[in-house]
Amino acid sequence: FPTRRSSDLLSQEILKLKGEIATLDSQITELEDGMKENEDMVAEATSIREKENTDYVAETAETKEALTALEKAITVLKGTELVQEQTHATMAVKKVMEVLPSRAQFSPDQVALISEFLSSAGTAKYAPQSNTVQGMLKDMYETFASNLESATATEAKNNRDFEDFIAVKTAEMKEDQALVAKKTSDKAEAESRLVDTQAMYDD
């Protein structure tokens, strides 16, 4: 600054610097609020994604176990003629019923068919019921296999969407951090100039 300036000019400069500092302070607060909001959004999205993945892993494990049991039961049912083979077949079907996911739905007729089949080994009713049960188990196998494929595709998409979202928010926060640093530096410089100008005005 020049060594001599009118008090009016110095007063105007003081007001200008105070206004600049107030504006920068407001902009910094706004940026920091935006960063906090982004951090909260990232935390919420991460929590949702973790829950989705946990559910997917559990559902996939159940479905794979059911598919394995269904495949074994279908194979065993195909060629059972002897009574001891029929016993193995009914045990395989029992295993299927034990490991089926809780979301699997059965009609009353299907429940009655399975119950009767499980008690028919070694009787004349076994063969026709076996064929009917085989058909039902094959349909279930195809449904579960399709559900597993669909769930895997959905999980992959959800994960891609999450990663894209995190990348965008991370970039936004880095940009805001750089702006906060720049505006904080500008504010410090303005505050330093205000101190000098205020001292000249006082003199």
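Bear in mind the structure is a predicted one, so any value in this text is a computation, not a measurement.

Visitor: Explanation requested: the overall build of the protein chain in the structure shown.
Guide: If you tally the helices and strands in the protein chain, you get 4 helices and 0 strands. Helices and strands appear in the protein chain in the N-to-C order α-α-α-α. Here the protein chain has a C-alpha radius of gyration of 36 Å; the compact-globule value for 203 residues is 17 Å, and the former is much larger. For the protein chain, the spread of C-alpha atoms along the principal axes amounts to about 120 × 25 × 20 Å. Classification of the 203 residues of the protein chain by burial places 30% in the buried group. In the protein chain, 82% of the contacts between residues at least 6 apart in sequence involve partners at least 24 apart. Summed over all atoms, the accessible surface of the protein chain reaches about 12,900 Å², with 53% contributed by carbon and sulfur. The distance from the centre of the 23 positive side-chain charges to the centre of the 39 negative ones in the protein chain is 2 Å.

Visitor: Please clarify how the pattern of salt bridges should be interpreted in this entry.
Guide: It is possible for side chains of opposite charge to pair when their charged atoms get near one another. A full pass over the atoms with the stated rule returns 9 salt bridges. A salt bridge links Arg49 to Glu52; its shortest N-O distance comes to 3.1 Å. You can see Arg49 and its partner Glu52 sitting in helix H1 (residues 7–78), 3 residues apart, about one turn around the helix. Taking relative accessible area as the criterion, Glu52 reaches 33% and is therefore assigned partly exposed. When the shortest N-O distance is used, the salt bridge between Glu155 and Arg49 registers 2.9 Å. One end of the pair, Glu155, is in helix H4 (residues 126–202); the other, Arg49, is in helix H1, and 106 residues separate them in sequence. Here Glu155 and Arg49 have matching classes, each one buried. Via salt bridges that share partners, Arg49, Glu52 and Glu155 belong to a single interconnected network.

Visitor: Can you walk me through a negative patch on the surface in this structure?
Guide: On the surface, Glu30, Glu32, Asp33 and Glu37 cluster together into a patch of negative charge. Turning to its location among the elements, Glu30 is positioned in helix H1. The exposed category is assigned to Glu30, whose relative accessible area is 59%.

Visitor: Just to check I follow, could you spell out the nonpolar core for this structure?
Guide: Inside soluble globular proteins, nonpolar side chains tend to come together where they are buried. Ranked by internal contacts, the top residues of the largest apolar core, which has 23 residues, are Val133 and Leu137. Within the residue set of this core, elements represented by two or more residues are H1, helix H2 (83–99), helix H3 (108–118) and H4. Of the residues forming this core, the biggest block, 7 residues, is contributed by H1. Core analysis: the next-biggest nonpolar cluster, separate from the first, contains 5 residues, Ile14, Leu17, Ile21 and Ala190 among them.

Visitor: When you look at H3 in this model, what are you seeing that I'm missing?
Guide: Along an α-helix, residues three or four apart share an orientation, since each turn contains 3.6 residues. What H3 keeps buried is the set Leu113, Ile114 and Phe117. The buried residues of H3 all sit within an arc of 95 degrees when viewed along its axis, so they share a single face.

Visitor: Teacher, can you tell me more about the environment of Asp176 here?
Guide: Topologically, Asp176 is positioned in helix H4. With relative accessibility at 15%, the residue Asp176 sits in the buried group. Each C-alpha atom of the pair Asp176 and Glu32 lies 7.7 Å from the other, and the pair is 144 residues apart in sequence.

Rules behind the numbers
- Note on numbering: residues in each chain are counted from 1, in written sequence order.
- The predicted nature of this model means local features are confined to residues of pLDDT at least 70 and side-chain atom pairs, given and counted, to a pLDDT of 80 or more, with totals for whole chains, interfaces and linings taken over all residues.
- The basis for every side-chain value is the complete set of non-hydrogen atoms in the structure, without hydrogens or water.
- Put simply, DSSP marks the helices as runs of H or I at least four residues long and the strands as runs of E at least two long, and each gets a number from the N terminus on.
- The reference for a compact globule is 2.2 Å times residues^0.38; the radius of gyration itself is calculated from the C-alpha atoms.
- Burial classes follow relative accessibility: with a 1.4 Å probe on protein chains only, a residue under 20% of its type's maximum area counts as buried, one over 50% as exposed, and anything between as partly exposed.
- By the convention used here, residues are in contact when the closest approach between their heavy atoms is within 4.5 Å.
- Note on areas: these come from Shrake-Rupley sampling with a 1.4 Å probe, and a residue is covered only by the protein chains present in the view.
- By the counting rule applied here, Lys and Arg register as positive and Asp and Glu as negative, while His and the ends of each chain are not counted.
- Where a charge sits is defined by one atom per residue type, namely NZ (Lys), CZ (Arg), CG (Asp) or CD (Glu).
- Any Lys or Arg side-chain nitrogen located within 4 Å of an Asp or Glu carboxyl oxygen qualifies as a salt bridge.
- Patch membership requires more than 30% relative accessible area and the absence of a salt bridge. Residues of like charge join within 9 Å; the nonpolar side chains Val, Leu, Ile, Met, Phe, Trp and Tyr join within 5 Å.
- Nonpolar cores are built from buried Ala, Val, Leu, Ile, Met, Phe, Trp, Tyr and Cys residues. Side-chain atoms within 4.5 Å join them into one set.
- By definition, the arc is the one covered by directions from the helix axis to the C-beta atoms.

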